[in-house]
Amino acid sequence: MSRVYNFSAGPSTLPESVLLRAQAELLDWRGTGMSVMEMSHRSKEYVSIAEKTEADLRELLAVPANYKVLFVQSGAFGQFAGVPMNLLRGKTSAVYANTGIWSGKAIAEAKLYAEVKIATSSKDNGFTTIAPRAEWVVDAEAAYLHYTSNETINGLEFQDIPDDGGLPLVCDMSSDILSRPIDVSRFGLIYAGAQKNMGPSGIAVVIVREDLIGQTVKGTPSVFDYKQQADNGSMLNTPATYNWYLLGLTLEWVKEQGGLAAMEVHNKAKAEKLYAAIDASPFYSNPVDPAYRSRMNVPFRLAKPELEKTFSTEAKAAGLVTLDGHRSVGGMRASIYNAMPQAGVDALIAFMAEFERKYA
Ligand code: PMP
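Model, not experiment: these values are computed from the prediction. (Residues numbered from 1 in each chain as written. Predicted model: local features only at pLDDT ≥ 70, side-chain atom pairs only at ≥ 80, totals over all residues. Heavy atoms only, no water.)

Engineer: Requested: an account of the site of the ligand, with residues and values cited.
Structural biologist: Taken together, 13 residues form the shell around the ligand, and within it Phe77, Thr152, Asp172, Gln195 and Lys196 come nearest. Contact distances for the ligand include 3.1 Å between an oxygen atom and a backbone N or O atom of Ala76. Contacts to the ligand include Lys196, whose side-chain N or O atom sits 2.9 Å from a nitrogen atom. The cavity where the ligand resides is the largest pocket. Counting residues per element, the shell around the ligand draws most heavily on helix α3 (residues 75-87), at four residues. (Near = heavy atom within 4 Å. Polar contact = N/O pair within 3.5 Å; in protein donor to acceptor, adjacent residues only side chain to side chain. 1 Å grid on protein atoms, 1.4 Å probe; cavity = no way out; pocket = protein on both sides within 12 Å on 5 of 7 lines; lining within 4 Å. Sits in = over half its atoms within 2 Å of the grid points. Helix = DSSP H or I, 4+ residues; strand = E, 2+ residues; numbered from the N terminus.)

Here is the structure:
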């Protein structure tokens, strides 16, 4: 068996020990004689898996008791709609920071339900920096303030939580959740698809302050109603049972590594050395303001863009895969989530140096 270093933005590399554990438990989960895939979601065995997963997520993120934790199937994209459906609470407008392609998609979806007010936009600087919070315009009458903590495509990440301006702060944390400690109590709602730092795709997490739920807009489907999902333990209908289990195994791995403080040290080290290699070279470049560079997704360009294809072909031959930038922006991109080992980044840096020596 040979495993590659997979720099995919999501679905993305998973800890090998998680995959091996899933493999070992595939046919017979702890003496039940069946796979987790085959279990009723109402069985006591499955409920124990679901509850342990929620408890571990609460522990890792130190989620306060007055927050509900939901496991839903919609993907983060579904929550682009779920957020306004649940959090408008009789109001007509919401405020969004537009810092990249994913916040743009969240904004487009929110417009189906609300008047969207843009607090700040990085469009004019090509999504390479974010205006200081003091320059944002946040209407205190709006229902909530939404931002995207890490722009997976643009490689732009908030290093601090922005001031909420007196509104419930809502964050799409899809691509940097669990990568560092965060203060959940600063948020009204956090949502994230699982397929970067939490497991496979097909499941998303919503963490929401309980006083904000229960006032959905008319026509909200029940599966999108956070209150109904919370009241039913995220089992209003059949959940993505196997994905939930894999998410649980991934959380156990994060705990074994030392939790989010350890993840932060690990991620910071990887990102710093990769950006240092890019900055030290005249052949590679990253356009993002160093104050907002993502620790999770590192886009970079070659001085000779015509060599991009050769770069990815030769990288693949060296066991370094999925380094092409998002189809909407081109260039290259290395996604280096929690499960990417230091050795993977070291191998990429060595490959880049050799490629530059050969072709620059
Ligand atoms: N938000 C961000 C920041 C993302 O990176 C993605 C997916 N790459 C999404 C939302 C959409 O998530 P999903 O595909 O799980 O619906």
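Engineer: I'd love a proper account of helix α7 (residues 259-280), names of residues and values included.
Structural biologist: Residue pairs three or four apart in sequence face the same way in an α-helix, which turns once every 3.6 residues. Taking 1.5 Å per residue as the helical rise, α7 with its 22 residues ought to reach 32 Å, and the 32 Å between its terminal C-alpha atoms agrees with that figure. Of all the residues in α7, the buried ones are Gly259, Leu260, Met263, His266, Asn267, Lys270, Ala271, Leu274, Tyr275 and Ile278. The buried residues of α7 occupy one face: seen down the axis, they fall within an arc of 150°. Turned more than 90 degrees away from the buried face of α7 sit Val265 and Ala280, all of them exposed. (Expected span 1.5 Å × (residues − 1). Buried < 20%, exposed > 50% of the residue type's maximum accessible area, 1.4 Å probe, protein only. Arc of directions from axis to C-beta.)

Engineer: Would you mind going over the layout of surface pockets in detail, with residue names and values included?
Structural biologist: Approximately 310 Å³ is the volume attributed to the largest pocket. In terms of lining residues, the largest pocket is bounded by 19 residues, among which Trp102, Thr152, Ser174, Gln195 and Lys196 are the most central. Sort the elements by how many residues they give to the lining of the largest pocket and α3 lands first, with four residues. Per-class residue counts for the lining of the largest pocket are six nonpolar, ten polar and three charged. (Points joined across faces, edges and corners; volume = space filled by probe spheres on them. Nonpolar A, V, L, I, M, F, W, Y, C, P; charged D, E, K, R; others polar.)

Engineer: Tell me about empty space enclosed by the protein, and please be specific about residues and values.
Structural biologist: Here the structure, examined in full by the defined rule, presents one cavity of 30 Å³ or more. Thr13, Leu14, Pro15, Lys196, Asn197, Thr250, Trp253, Asn338 and Ala339 are the residues that line the largest cavity. Looking at the lining of the largest cavity residue by residue, the class counts come to four nonpolar, four polar and one charged.

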